[in-house]
Amino acid sequence: MNRNQIFTTLELIDGQIRLTVGEFFNSNFYIYDVFTSSSKGLAGEQIVDEKEVIDTLNSLLALARRKIEIDINSVSLCLPSYSITISERTATSPVNGKNSLITQTDIDNAIRIAYKSRVEEGQEIIEVIPIDFTVDNHETHNFVPLGYRSSTFKIRYNLLTLPKELINTYKRIIKACNLKVEYQFLDTICLYEGAFSEDDLDIAVLDLSRFTTRLNIYRKGRLLKYISLGEGVESIIKEVATTYNMELAQARELVLVNGNARSELASDYSIYKSEINGRVSYLSERELSKIIEAKLNALLEQVLSETNNLLFKDKFEVVICGYGSEIKNLDAKFYQLAKVETSVAKSNVLGITKANNIQTYGLIKLTYNNLGQKGYKNLQIENENDIITNEGNKEKKFSNFDTLTLNEDDL
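What you see is a predicted model; the values in this text were computed from it and never measured.

The sheet built from five strands is open, its strands ordered E14-E13-E12-E17-E18 with mixed pairing. Both outer strands of the open sheet, strand E14 (222-229) and strand E18 (342-344), are each paired with one neighbouring strand and no more. For this sheet, the mean angle separating the axes of adjacent strands, direction not counted, is 20 degrees. As paired strands, strand E17 (residues 317-321) and E18 are joined by three bridges and run parallel to one another. Opposite Val318, over in E18, you have Thr342 as the bridge partner. Together, strand E12 (203-208), strand E13 (213-219) and E14 form the strand contacts of helix H7 (residues 285-305), whose direction differs from that of E14 by roughly 140 degrees.

Next up, the structure:
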């Protein structure tokens, strides 16, 4: 097993292309840098011009290669979920283990059968997510029943599919950039991995991105329900820009820095001088926040209306991440509407601490798991935040990557 392995993750998110480059070394991940660029080939979450995306990605790769002085020829790819289809299926699988005891091989065979499920024409299976297992005595378990005696067992699972044309578009872009995909993951899976260290929580993740608003509900760490709206925080920014006759960049800064999701908690201090038709006026934080709150109410209430009271009934805890999660009191606003415990997720990793990088962190964790390195003992000294910096590293290091270090516990 390679103890010195370079990895690169690739995301198309919030109208941008994002490359994260790092290295596995001495049981730690060194995150070297995150390279980000906007592209005219992206309209929101959609690829509208493949050539533009290819050109932008090639430029980003060239920059990364120059800076880190290594070749990048493979990526862990994050696939978008805006066109995802989730269907619940069941399948029955025989038990081939000795004395009819269910083994991991039996479970793997059942998952393999599930991946061969028939789907609609034009769709491709991306992920199979087990929900529960039923054995011969009709007992149903929401965990893998290893060691249980049964001649057969039934598996209930969610089948996650994406349009083949969308997948082919990504494949063409990757091939045109002379890359290969080492692993691929859905962004919904990355969001969960980035927000939590446990894998069996009943939890919901609200992703308020630039162009979409998504609520992903997970039971025992498995995607149970997925709700997506084709509108995000950018619509709020545009509303502010139009209302006060200002540039989008200025409106974006006001919304994300001075905005408040609960206008009654905002101050009356002026934050912007406006001039419309020769008339000068001053915008207070509270006035700005009234527009933000009204738009957020419309977005979040629409999301909540599609949950069929699942959040209310089972009291799912909600964690907020994404581009718009920097807006003050967004968690308090969601709690006001949903009456469930709500917080904002932030990575504790230096360099990717913002809530809109939670997906990136999850993608790194998934890549780490697939590299099969989890068995290595951490030989370095942990600091109180479970992040090892170069200054705190007591062991001689030969890695070229000096930005920051994630130890095994971080991942």
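Moving on to the packing of helix H1 (residues 50-68) against helix H3 (residues 164-176). Where H1 contacts H3, the two axes come as close as 9 Å, and the packing angle between them is 40 degrees. As far as their axial angle goes, H3 and H1 are oblique. In this structure, H1 meets H3 at a crossing whose hand is right-handed. Contacts from Glu50, Val53, Ile54, Leu57 and Asn58 of H1 reach H3 at Thr169, Arg172, Ile173 and Ala176.

This brings us to H3. Over its 13 residues, H3 runs 18 Å from end to end, which matches the ideal 18 Å to within 8%, given 1.5 Å per residue. When H3 is considered as a whole, its buried residues turn out to be Leu166, Ile167, Thr169, Tyr170, Ile173 and Ile174. Looking down the long axis of H3, one finds its buried residues gathered within 155 degrees of arc, a one-sided arrangement. Trailing H3 by a residue or two, Asn178 shows a phi angle of about 55 degrees, which is positive.

Time to look at the side chain of Thr188. By the secondary structure assignment, Thr188 is in helix H4 (residues 187-195). Assessed through its relative accessible area of 0%, Thr188 is described here as buried. Excluding residues that lie within four positions of it along the chain, Thr188 makes contacts with Ser81, Arg214, Asn216, Tyr218, Leu223 and Tyr226.

This part covers unusual backbone geometry. You will see that Asp14, though not glycine, has its phi angle at about 55 degrees, which is positive. On the secondary structure map, Asp14 appears in the loop between strand E1 (4-13) and strand E2 (16-25). Since its relative accessible area comes to 5%, Asp14 is described here as buried. For Glu69, which is not glycine, the phi torsion reads 60 degrees and is therefore positive. Here Glu69 shows up in the loop between H1 and strand E6 (74-79).

Next up on the list: the layout of surface pockets. In this structure, the second largest pocket occupies an estimated 240 Å³ of space. Of the residues in the lining of the second largest pocket, the class split is four nonpolar, four polar and four charged.

Now for the nonpolar core. Within the largest apolar cluster, 52 residues are counted, with the highest numbers of intra-cluster contacts made by Leu10 and Leu57. Among the elements that make up this core, the one with the highest residue count is H1 (seven residues). Contacts of Leu57, omitting those with residues within four sequence positions, involve Leu10, Ile17, Leu19, Ile173, Cys177 and Leu179.

Right, let's get into the packing of aromatic side chains. By the definition in use, this model includes five aromatic pairs. Between Tyr183 and Phe185 the ring centres are 6.4 Å apart and the planes differ by 35 degrees, which places this aromatic pair in the tilted class. The buried category is assigned to Phe185, whose relative accessible area is 8%. Relative to Tyr218, the ring of Tyr192 has its centre 4.7 Å away and its plane inclined at 50 degrees; by these criteria the two rings are tilted. One end of the pair, Tyr192, is in helix H4; the other, Tyr218, is in strand E13, and 26 residues separate them in sequence. Judged by relative accessible area, Tyr192 falls into the buried class, the value being 3%.

Cut-offs applied
- Residues numbered from 1 in each chain as written.
- Predicted model: local features only at pLDDT ≥ 70, side-chain atom pairs only at ≥ 80, totals over all residues.
- Heavy atoms only, no water.
- Pairing = 2+ DSSP bridges.
- Helix = DSSP H or I, 4+ residues; strand = E, 2+ residues; numbered from the N terminus.
- Axes fitted to C-alpha atoms, helices over the stretch in contact; angles between N-to-C directions.
- Contact = heavy atoms within 4.5 Å.
- Parallel < 35°, antiparallel > 145°, perpendicular 65-115°, else oblique.
- Left-handed = near helix turned anticlockwise from the far one by under 90°.
- Expected span 1.5 Å × (residues − 1).
- Buried < 20%, exposed > 50% of the residue type's maximum accessible area, 1.4 Å probe, protein only.
- Arc of directions from axis to C-beta.
- 1 Å grid on protein atoms, 1.4 Å probe; cavity = no way out; pocket = protein on both sides within 12 Å on 5 of 7 lines; lining within 4 Å.
- Points joined across faces, edges and corners; volume = space filled by probe spheres on them.
- Nonpolar A, V, L, I, M, F, W, Y, C, P; charged D, E, K, R; others polar.
- Core = buried A, V, L, I, M, F, W, Y, C linked by side-chain atoms within 4.5 Å.
- Phe/Tyr/Trp six-rings, centres within 6.5 Å; stacked < 30°, edge-to-face > 60°.

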